[in-house]
Amino acid sequence: MLDPTASTDVFRVRGGNALHGTVTLSGAKNSALKLMAASLLTAEPVELTSVPAIADVPVMADVLTGLGVQVELDLEEGRCRLQATSPSAHAPADAVSRIRASIACLGPLAGRLGRARLALPGGDRIGARAIDMHLRGLEAMGAQVVASDEEVTVQAPSGRLNGARITLDFPSVGATENLLMAGVLADGETVIDNAAREPEIQDLARMLIAMGARVHGIGSPTLEIDGVHQLRGVRWRTCPDRIEAGTYAMAAAVTGGDLVISNVRPGELTLPLMKLRAAGVVIDEHEDALRVRADGLTAVDVVTLPYPGFPTDLQPQMMVLLSQAVGDARCTENVFESRFSFVDELRRMGAEIEITGHHAVIYGPTRLHGTTLSGLDVRAGAAGVMAGLVAEGETIVRDVHHIDRGYAHLVPRLRSLGADIERLGAAVTDA
Ligand code: UD1
């Protein structure tokens, strides 16, 4: 069901239906994958719940199995038990190169074993996605780092990393997580300045504390970590997926629907909700739920930035919404350099969008018409589905293995909310 190589599957969407009803969402992709990697830091079991049923999770499980971790995964129940009794420092390349999040194993391996050797990862095609900040941080902690095009080797000559003061050039999510996980078992204090503050990093830091780590400054741009000698096992519930929640909220708004979304922390969506309200969407916030209604949209400007800024992972979906809003909207992408690739697909459906560098102007509203399109990363794929929900006629979304990497049960969930969507192809299981 979740084989990421099932690339022949397509989604067929017939537009025109508003989304109505209630949907309960999953644990966060970008948290679960890192919580799984953190199991490398202890010999005791790590038991995760609310693990999302997405394709990246079994791939990450394969990466960890390749490192000698015992992994029991029950995707239907959202449970994963991991035990890294004596992990190896070197993972086979095949699984590692299929998932960018596998780089999150580097920090914990370096922290636990003082060495690591990993193939360089694949994942979404949205820019250069260098790992220079991860590697410079590990060097500052005393490791020798050798990186080629294919793999990276990290070795602490004394067998243990040393605490260090590290200032990141940019608040990179991946670098912050790797250096945090490296720091918890290093000798002495590590300070990460200009750290990323995404809720998924906060989730990871809190789980590490529950394992016995000493971390201060969670949610702030400065993380202070006092290294300890060992960590214990933990049971941990993955935080909700704010990007999935934002995607459903935008899909409800753009179709003129009325949707209750539960398992959400509205406080982690402050800026996206503010922008949706400014666009005319009515949103009721509850402790762990949102109700989203819309009937007509007006243009708003959006600028993507690290958290708490507007998330780059909601930018393609927001562009679809803005294509249906009255007026001209400016959208600036500051996080990934080639994240406007989806715009060509949206233009082929009738959207009027001008791009200059990392700025886009969306002239709305435009009538979208169905076509065949590809979403070449997980969020572009979701945006393609959203565009299909409002387009006239039939839209075929190809390359849905990207969508499967990040959205659990998307087709049955959307169908239960009234959408006309089905999955077609060799591996038809979800429709
Ligand atoms: C994570 C998320 C991804 C999200 C992104 C930004 C996961 C699995 N993925 O990706 O969904 O879109 O955060 O919120 O959690 N960069 C460098 N050098 C580095 C590290 C990053 O130049 O050493 C650049 C990247 O090329 C990119 C930008 O910094 O342009 C942001 O990257 P980063 O924040 O690290 O994102 P990821 O951790 O890859």
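For clarity, every value in this text was computed on a predicted model and none was experimentally measured.

Caption draft 1: View of the nonpolar core. Counting 76 residues, the largest nonpolar core has Leu48, Cys105, Leu138, Val184 and Leu208 as its most contacted members. In terms of residues, this core owes the most to one element, helix H2 (residues 56–66), which gives 6 residues. The residues contacting Leu48, other than those within four sequence positions of it, are Ala32, Leu35, Met36, Gly78, Arg79, Cys80, Leu82, Met207 and Trp236.

Caption draft 2: Broad picture of the pairing of strand S7 (residues 144–147). Here S7 runs beside strand S8 (residues 151–155); their pairing, made up of 4 bridges, is antiparallel. Bridge pairing in S8 places Val145 opposite Val154. The loop that links S7 with its antiparallel partner S8 comprises 3 residues.

Caption draft 3: Structural view of the site of the ligand. Not every one of the 18 residues close to the ligand is listed here, only the nearest: Lys34, Asp132, Met133, Ser172 and Asp313. Within the backbone of Ala130, one N or O atom sits 3.2 Å away from a nitrogen atom of the ligand. Val173 places a polar main-chain atom, nitrogen or oxygen, 2.8 Å from an oxygen atom of the ligand. Notes on the ligand: free accessible area 740 Å², of which the protein chains cover 87%. When residues of the shell around the ligand are traced back to their parent elements, those giving at least two are helix H1 (29–38), helix H5 (132–140) and helix H6 (173–183). For the shell around the ligand, the element with the most residues is H5, which contributes 3 residues. Of the residues that constitute the shell around the ligand, the class distribution is 7 nonpolar, 5 polar and 6 charged. Lining the shell around the ligand are residues from two domains, each supplying at least three of them: domain 1 (10–25 + 240–430) and domain 2 (29–237).

Caption draft 4: The sheet that holds strand S16 (residues 289–293), seen in detail. Spatially, 4 strands are ordered S2-S14-S16-S15 in an open sheet, and the strand pairing comes out mixed. Both edges of this open sheet fall to strand S2 (20–24) and strand S15 (282–285), since each of them pairs with a single strand only. In this sheet, adjacent strand axes meet at a mean angle of 15° when their direction is disregarded. Pairing between S15 and S16: 4 bridges, direction antiparallel. In the strand pairing of S16, Glu285 is matched with Leu290. Packed on one face of the sheet, helix H8 (residues 242–254) meets S2, strand S14 (258–262) and S16 and runs near 170° to S14. Of the strands in this sheet, S15 and S16 touch helix H9 (residues 270–278), which is tilted by about 145° from S15.

Caption draft 5: Highlighting the side chain of Thr247. Within the secondary structure, Thr247 sits in helix H8. Owing to a relative accessible area of 5%, Thr247 belongs among the buried residues under this scheme. Only 2.8 Å separates the side chain of Thr247 from the side chain of Tyr407, close enough to count as a polar contact. Dropping the residues within four chain positions of it, Thr247 is found in contact with Leu314, Gln317, Ala382, Met386 and Tyr407.

Caption draft 6: Up close: H9. Taken together, the buried positions of H9 are Pro272, Leu273 and Leu276. On an axial view of H9, the arc spanned by its buried residues comes to 95°, and they lie on one face. The elements touched by buried residues of H9 are H8, S15, S16 and helix H10 (315–323). A positive backbone phi angle near 105° is found at Gly280, which sits one or two residues after H9.

Caption draft 7: Looking closely at the pattern of salt bridges. Going through the model one piece at a time under the given rule, you end up with 26 salt bridges. Two residues, Asp9 and Arg423, come together in a salt bridge whose shortest N-O distance is 2.7 Å. One end of the pair, Asp9, is in the segment before strand S1 (10–14); the other, Arg423, is in strand S23 (residues 420–424), with 414 residues separating them in the sequence. Residue classification places Asp9 among the buried residues on the basis of a relative accessible area of 0%.

Rules behind the numbers
Residues numbered from 1 in each chain as written. Predicted model: local features only at pLDDT ≥ 70, side-chain atom pairs only at ≥ 80, totals over all residues. Heavy atoms only, no water. Core = buried A, V, L, I, M, F, W, Y, C linked by side-chain atoms within 4.5 Å. Buried < 20%, exposed > 50% of the residue type's maximum accessible area, 1.4 Å probe, protein only. Helix = DSSP H or I, 4+ residues; strand = E, 2+ residues; numbered from the N terminus. Contact = heavy atoms within 4.5 Å. Pairing = 2+ DSSP bridges. Near = heavy atom within 4 Å. Polar contact = N/O pair within 3.5 Å; in protein donor to acceptor, adjacent residues only side chain to side chain. Areas by Shrake-Rupley, 256 points an atom, 1.4 Å probe, with all protein chains shown as cover. Nonpolar A, V, L, I, M, F, W, Y, C, P; charged D, E, K, R; others polar. Domains from an automatic or database assignment. Axes fitted to C-alpha atoms, helices over the stretch in contact; angles between N-to-C directions. Arc of directions from axis to C-beta. Salt bridge = Lys/Arg side-chain N within 4 Å of Asp/Glu carboxyl O.

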